[in-house]
Amino acid sequence: MRTRKMIVKSKSLRCFCLKMNPLSNNNNYIHNISVSRLLMRWSSSSGSETSSKHNDYLEDDNINDRHSVRTSISEREVSKFSSMASSWWNPDLNPLISMNPIRVSYIVDRILHQQHSIHGNAHAHAHAHVLPLHGLKALDVGCGGGLLSTSLARLGANVTAIDPSMEVAMAARERSKLDRDEKVRNHILYKGGIGVEDLAAKTKTTETATATATATTTETTNKEQDFDLICILEVIEHAQDPMELLRSASSLLKPPSTPGKNDGGLLFLSTINRTFKSYGMAILGGEYIMRKLPIGTHNWNNFLSPSEVQHMMQHISNSNPINPIPNKPHDNDDNTNASTNTNSSTILNLKQIHLQGMILQPPFLDMRWKLHDSDTDINWIATYKHDT
């Protein structure tokens, strides 16, 4: 009976995410009465548990937080997307709006799958009234105008949303202030003018300084800096150094409590495969024919296949360490003295644990997306965890 209830809950959540309209400023997303009742139970149970520590998430001093470190950020790409700040939530000009529900559905499904594998059906039944991402720390890398961050916050996550474009992050922050959902207003920390490398370097600097105190304090600080889920969605194809992007993200992902245990954080990555089909659909179709994106938004040579990303994930610890001090030469990873590499204990390789394609359903003009188990020829999304 409990297994049956778990299946029903999973289907309801999937329906909830697929029906969710990211353009709405209220909670009227649901067209299915059973899911509506489920959402009402979530809202009533989680609303009173809002932590006051998140009330300062939108302070002005959080916006400009850029450090001079080794970075994957392309200033040309930053300038390109900064020009889209005012139109980010326009469904006629941003295909990510129509894609967002299936991305959220995928993320929720994988997190529920992990929780079920750890705790079993009894835990799922006991927490059926709780939002699926309640209490989880999420990092949205390249958050843009806040499409994904908004959805994650609505589902209960405490979101840190970073973007190298100051203009885009400020537009996202201002929009969130007007949202009727308290979770969106108070549980998203937008940081503009910052990349994941900057965040990782700042975190590393904090950990190094804390290491001069007691071991107990260091452990607490490290735990507070780890994220339960990190999302790099439609971002890596715009990075000039994908390996550095992945390496920095890995350093911020919560590791398993013990080697081999399944309770560590999950990293979600989606991008476009480098195939003839993707050139035809994403560039010729999306930019030149349908005009869903400005011409030049994508560079086909920067698209990556799942196997290419997996190869990079498996060699993260072999790349140069994150450098928290500007202009300092990077150490070599083959240094025989492990203690001199202050980051060696925190950088772990990542392994792919799940992969699905994201495909447009005909007719393509209405931009209806669905997940596909095997078709990764164009868009794909995958889940990664630390390889211990």
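Below is a summary of the structure that appears in this document.

About the thresholds
- Residues numbered from 1 in each chain as written.
- Predicted model: local features only at pLDDT ≥ 70, side-chain atom pairs only at ≥ 80, totals over all residues.
- Heavy atoms only, no water.
- Helix = DSSP H or I, 4+ residues; strand = E, 2+ residues; numbered from the N terminus.
- Buried < 20%, exposed > 50% of the residue type's maximum accessible area, 1.4 Å probe, protein only.
- Contact = heavy atoms within 4.5 Å.
- Areas by Shrake-Rupley, 256 points an atom, 1.4 Å probe, with all protein chains shown as cover.
- Pairing = 2+ DSSP bridges.
- Axes fitted to C-alpha atoms, helices over the stretch in contact; angles between N-to-C directions.

## Digging into the overall build of the chain
The helix and strand tally for the chain stands at 12 helices and 8 strands. Here the chain holds 388 residues, and 53% of them are scored as buried. Put simply, 75% of the contacts in the chain that link residues at least 6 apart link residues at least 24 apart. Total accessible area on the chain is roughly 17,700 Å²; 53% of this is exposed by carbon and sulfur atoms.

## A closer look at the sheet that holds strand S3 (residues 188-192)
Across a sheet, paired strands are connected by hydrogen bonds in the backbone, their directions being either parallel or antiparallel. Taken in spatial order, the 8 strands line up as S3-S2-S1-S4-S5-S8-S6-S7 in an open sheet, and their pairing is mixed. Edge positions in the sheet fall to S3 and strand S7 (368-372), since each of these pairs with one other strand and no more. Recorded for the sheet is a direction-independent mean angle of 20° between the axes of neighbouring strands. Where strand S1 (residues 137-141) lies against strand S2 (residues 158-163), 5 bridges are found, and the strand directions are parallel. For Asp140, the partnering residue across the bridge sits in S2 and is Ala161. Where helix H10 (residues 242-252) meets the sheet, it contacts S1, strand S4 (229-233), strand S5 (266-272), strand S6 (350-361) and strand S8 (379-386), and its direction lies at approximately 160° from that of S4. On top of the sheet, helix H12 (residues 306-313) reaches S5, S6 and S8; it is set at about 155° to S6, its chief contact.

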